[in-house]
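# Observations on chain architecture
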Amino acid sequence: MADILYTHSPEETEKIGEDLAKSLKKGDFVALYGDLGVGKTAFVRGMARVLAPHAAVTSPSYSLCNTYRGNIMFYHFDLYRLSSEDDLESIGYYDLIENGITAAEWCENIPTSIPEHALRVTISRVSGRDDDRKIEMK
Ligand SMILES: Nc1ncnc2c1ncn2[C@@H]1O[C@H](COP(=O)(O)OP(=O)(O)OP(=O)(O)O)[C@@H](O)[C@H]1O
Ligand SMILES: [Mg+2]
């Protein structure tokens, strides 16, 4: 079953990430899907408000992973530039995701490496409305 929500601003998208984060525990994995600039990082920024309140969330595009320190470690991947799923091992992906809570942007690029228990969050634009987004969670 999927939950479908609509937001009308970046702040509303952050709030959904924030609400979700309240129920997460070590080992949980949030797989984010959606086009360039759709709002994935905004969603993660909301999650960080709960998981690592003092962290400044920036896009880890070049580093592939940012680590934010909270009560539980919070790992923020952006896999846009990952060239092959085989490279996940060398960036420590498998060890990290067991050790904390993970949010990963561009999971389109790692179709066979997402944990089975992952929560899949797909963000998409709503035609004709600049600031509207559809957020599907399953
Ligand atoms: N309802 C909304 N939810 C989220 N972002 C919105 C919304 N409406 C407008 N925006 C704008 O969309 C952009 C989302 O940027 P963000 O960096 O979060 O996207 P992204 O999906 O992480 O992009 P990338 O694929 O480059 O990592 C911001 O400029 C934000 O202001
Ligand atoms: Mg992003």
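Look above for the structure.
What you see is a predicted model; the values in this text were computed from it and never measured.

## Some thoughts on the overall build of the chain
- From N to C terminus, the chain includes 3 helices and 7 strands.
- Computed over C-alpha atoms, the radius of gyration of the chain comes to 14 Å, within 12% of the 14 Å expected from 2.2 N^0.38 for 138 residues, which places it in the range of a compact globule.
- Projected onto the principal axes, the alpha-carbon positions of the chain cover approximately 40 × 30 × 30 Å.
- Within the span of the chain, comprising 138 residues, buried residues form 49% of the whole.
- Sequence-distant contacts, at least 24 apart, represent 64% of the contacts inside the chain between residues at least 6 apart.
- Only carbon and sulfur atoms are counted for the fraction: they give 48% of the accessible area of the chain, which is about 7,500 Å².
- With 15 positive and 22 negative side-chain charges, the chain shows a separation of 4 Å between the mean positions of the two kinds.

## So, the sheet that holds strand β3 (residues 65-68)
- Reading across the sheet, the 7 strands line up as β1-β7-β6-β2-β5-β4-β3 and stay open at both edges, with mixed pairing between neighbours. The sheet is open, and its two borders are formed by β1 (3-7) and β3, each paired with just one other strand. Averaged over all pairs of adjacent strands, the angle between their axes in this sheet comes to 20°, without regard to strand direction.
- Sheet topology places β1 next to strand β7 (residues 129-137); 5 bridges connect them, and they run antiparallel. By the bridge assignment for β7, L5 is matched with I135.
- The strands that helix α1 (residues 10-21) touches are β1, β2 (29-33), β6 (119-126) and β7; relative to β1, the one it contacts most, it runs at about 145°.

## Quick notes on the environment of L51
- Residue position: L51 is located in helix α2 (residues 40-51).
- In this structure L51 comes out as buried when scored by relative accessible area, which is 10%.
- C-alpha separation for the pair L51 and M73, spaced 22 residues apart in sequence, amounts to 7.9 Å.
- In this view, L51 contacts A21, G70, N71, I72, F74 and I101; residues no more than four positions away in its chain are not counted.

## Here we look at the site of ligand 1
- Neighbouring ligand 1 are 18 residues; T13, G37, K40, T41 and D131 lie closest to it.
- Contacts to ligand 1 include K40, whose side-chain N or O atom sits 2.7 Å from an oxygen atom.
- Computed on the free molecule, ligand 1 has an accessible area of 640 Å², of which 74% lies beneath the protein chains in the complex.
- Sorting the residues of the shell around ligand 1 by element identifies α1, α2 and β7 as the ones contributing at least two each.
- Tallied by class, the residues present in the shell around ligand 1 amount to 5 nonpolar, 7 polar and 6 charged.

## Quick notes on the coordination of the magnesium ion (ligand 2)
- Protein coordination at the magnesium ion (ligand 2) comes from T41 (OG1) and E105 (OE), with a distance range of 2.1 Å. Within this pair, whereas T41 is found in helix α2, its partner E105 is found in strand β5 (residues 101-105), the two being separated by 64 residues in sequence. Like E105, T41 is buried.

Cut-offs applied
Residues numbered from 1 in each chain as written. Chains lettered and ligands numbered in written order. Predicted model: local features only at pLDDT ≥ 70, side-chain atom pairs only at ≥ 80, totals over all residues. Heavy atoms only, no water. Helix = DSSP H or I, 4+ residues; strand = E, 2+ residues; numbered from the N terminus. Rg over C-alpha atoms; globule rule 2.2 N^0.38 Å. Buried < 20%, exposed > 50% of the residue type's maximum accessible area, 1.4 Å probe, protein only. Contact = heavy atoms within 4.5 Å. Areas by Shrake-Rupley, 256 points an atom, 1.4 Å probe, with all protein chains shown as cover. Lys, Arg positive; Asp, Glu negative; His and termini not counted. Charge placed at Lys NZ, Arg CZ, Asp CG, Glu CD. Pairing = 2+ DSSP bridges. Axes fitted to C-alpha atoms, helices over the stretch in contact; angles between N-to-C directions. Near = heavy atom within 4 Å. Polar contact = N/O pair within 3.5 Å; in protein donor to acceptor, adjacent residues only side chain to side chain. Nonpolar A, V, L, I, M, F, W, Y, C, P; charged D, E, K, R; others polar. Donors = N, O, S within 2.8 Å, 3.2 Å for Na, K, Ca; no water.

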